[in-house]
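If you want the building blocks of each chain, they are given just below.
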Protein chains: 2
Amino acid sequence: MKKLINKPEDVVKESLAGVAAAHADLVKVHFDPNFIVRADAPVQGKVGIVSGGGSGHEPMHGGFVGKGMLDAACPGDVFTSPTPDQMEAATKAVNGGAGVLHIVKNYTGDVMNFEMAAELCQAEGIEVESVVIDDDVAVQDSLYTAGRRGVGTTVLAEKICGAAAERGDDLKTVADICRKVNANGRSMGMALTSCTVPMAGKPTFDIGPDEMEIGIGIHGEPGRERMKIKTAKEIVEMMGEAIVSDLPFKSGDQVIAMVNGMGGTPLIELYLVYNELNQFLKGKGITIARRLVGNYITSLEMAGCSITLLKADDQLLELWDAPVHTPALRWGV
Amino acid sequence: MKKLINKPEDVVKESLAGVAAAHADLVKVHFDPNFIVRADAPVQGKVGIVSGGGSGHEPMHGGFVGKGMLDAACPGDVFTSPTPDQMEAATKAVNGGAGVLHIVKNYTGDVMNFEMAAELCQAEGIEVESVVIDDDVAVQDSLYTAGRRGVGTTVLAEKICGAAAERGDDLKTVADICRKVNANGRSMGMALTSCTVPMAGKPTFDIGPDEMEIGIGIHGEPGRERMKIKTAKEIVEMMGEAIVSDLPFKSGDQVIAMVNGMGGTPLIELYLVYNELNQFLKGKGITIARRLVGNYITSLEMAGCSITLLKADDQLLELWDAPVHTPALRWGV
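Note that the structure is a prediction, hence the values are computed from the model and not measured. (Residues numbered from 1 in each chain as written. Chains lettered and ligands numbered in written order. Predicted model: local features only at pLDDT ≥ 70, side-chain atom pairs only at ≥ 80, totals over all residues. Heavy atoms only, no water.)

Draft legend 1. The environment of Ile286 of chain B, seen in detail. All names here are of chain B. Mapped onto the elements, Ile286 comes out in the loop between helix H7 (267–283) and strand S11 (287–294). C-alpha of Ile286 to C-alpha of Ser251: the two residues are 35 residues apart in sequence and 5.2 Å apart in space. Once residues lying within four places of it in the same chain are set aside, the contact partners of Ile286 are Val244, Phe249, Lys250, Asp253, Val255 and Leu281. (Helix = DSSP H or I, 4+ residues; strand = E, 2+ residues; numbered from the N terminus. Contact = heavy atoms within 4.5 Å.)

Draft legend 2. The relation of the copies chain A and chain B, seen in detail. For these two chains of identical sequence, chain A goes onto chain B by a turn of 180° and a shift of 0.0 Å along the axis, with RMSD 0.0 Å. Given the turn and translation reported, the copies of this chain are related as if by a two-fold rotation axis. The position closest to the rotation axis in chain A is occupied by the C-alpha of Gly264 of chain A, lying 2.0 Å away. Take the interface residues of chain A: 100% of them recur as interface residues in chain B, which is what a same-surface contact looks like. (Least-squares fit on C-alpha atoms with pLDDT ≥ 70 in both.)

Draft legend 3. A look at the sheet that holds strand S4 (residues 72–78) of chain B. Residue and element names in this part refer to chain B. Strand order in the open sheet made by the six strands is S1-S2-S4-S3-S5-S6, with mixed pairing throughout. Two strands close off the open sheet at either side, each with one partner strand: strand S1 (27–30) and strand S6 (128–133). Averaged over all neighbouring strand pairs, the angle between strand axes comes to 20°, with direction disregarded. Relative to strand S5 (residues 100–105), strand S3 (residues 48–55) runs parallel, the two sharing four bridges. Bridge pairing in S5 places Ile49 opposite Leu101. (Pairing = 2+ DSSP bridges. Axes fitted to C-alpha atoms, helices over the stretch in contact; angles between N-to-C directions.)

Draft legend 4. A look at the interface of chain A and chain B. Each partner contributes to the interface: chain A provides 59 residues, whereas chain B provides 59 residues. Both faces combined, the contact of chain A with chain B buries some 4,500 Å², and carbon together with sulfur accounts for 63% of it. It is Lys2, Leu4 and Ile268 of chain A that lose the most area in chain A upon contact with chain B, and together they represent 21% of the buried surface on that side. The interface formed by chain A and chain B contains two salt bridges. When residues of the side of chain A that touches chain B are traced back to their parent elements, those giving at least two are helix H1 (11–22), helix H6 (232–246), helix H7 (267–283), strand S11 (287–294), strand S12 (304–311) and strand S14 (330–331) of chain A. In terms of residue count, the dominant contributor to the side of chain A that touches chain B is H7 of chain A (10 residues). A class-by-class count of the residues in the side of chain A that touches chain B yields 30 nonpolar, 17 polar and 12 charged. (Buried area = accessible area lost by both parts, 1.4 Å probe. Salt bridge = Lys/Arg side-chain N within 4 Å of Asp/Glu carboxyl O. Nonpolar A, V, L, I, M, F, W, Y, C, P; charged D, E, K, R; others polar.)

Right under this line is the structure:
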């Protein structure tokens, strides 16, 4: 197994220690239970936002903790849901009296544990709203999911809801904005190679030297189709058609677009994919108003990419443009 | 070959088109000859800064073009020096009357071509200074280099010199600051896997499933030693000792540290490496005053990392902290 690690069982803990050492100005890391929290939490009178999920998708979610985005993130073991006690402790740590929003990716373990944590917190008088993100158009139901999987739209939801909370929107409003983002966001991914979970020590799935998987999940869950590798243009057209036809996005729409690397794909390829996506959308009369190109929701060292489109009106664009200061996303500060 | 591309010969051009489409607010891309230039170039009265080198190291250098960093970057073909006409055209495009600094990584082709471009520009009345970065402690002379290779310190030099130029320092001062950064910066890299140049279609070098290469170059040039994979702690100690003993860095020093991914290494591992580096340096009495953790000077999809340390006084830290607004590095804006 080719990884820059010590013991496989210490990967998450030691990586979190690195985050704590690198970003002490922005975040604090709490161990046992593990969560990353804004250095200035709880912010009195502000809605708190908590997300979380298995580790191995960095920078999501810990890299998005800070001013204008998440108040806390709960990292589970690699590709493993965090536990209710992590979520409960994080929720309490960020509760500034205005309630807490849980942004939950649609995986059975995440959903169940966040529900349990919400109930525990509500029993102690903390108002909690939960929004489940299920934006992956690839498949209905999956290895760890009933319904659609939650993927790239989560990143956009965390940014946009973080801005709404920061300007003082109340819990119901922030939760409604999160639902609006989920309703208007669609994603799809693909992989050229597998990844290797440290504790497993071998690739999650086998894939031939000339094959790719279209519609892959972020844990290597099967997608729509295994096929011979195609050109970037053909790949973007396949994923783009699946995404655009699903909402559907229409001529005249403006979108926030994310071309996301799965962890092992170089930036030179991601910009090439962005070029194809831009041309594809132009052909549909869809305008990219804002964009992210890079590694934002990864699958360890998997080679591949995903595309996320969010239909954006002036409200969402204004929130997108608001200042953000986290380890992985920063502007206006 | 598992890559998100169309034709191998079009990779650089199509990726540049993606950069142009994604970052039109920050940069313009000029084709034939290829260079990326600040959208507002030339900035009258400001020293211009131009760098460049083979493609495949993204975000370096094109991702560092913008306010407070580079005025232009010349991307060659993958792992191939850009040509003098690219450098000449870029230098002319950024000349605001205060002269132009060339920041050149120490590879024979880069050095020769930047020299030729400087002469051509000087013949037309543009004042040009050149600083060659040669910070890689791994080996003396290499496959494409007489002397030491230029690697991670280049990123720090571009940020710091960009800030000096932005505040109005004159050409001699900016060049002197660049020499000071090079004199106080040291790097070393390692690889777990090879990368594949698109036009070659096969891995640059062979490496066993249980092997790593310590002291690797950013084009896969041989390093110091091929050995069995060790733990992250042992790897950091090997690279750290080589770097620290070279300058040497001493107890009481403060440094800007970069833990850089080679392109195929997930962020969870890079933060784990940062944790080891932080502990290693603490043990030496060396303080990390500022840091970057991520992919900044890559080698396509190579798995591995490099460490760069720059001994930093108040002058360098002030320039480091100054606002920067480029596709890949942004703060204070």
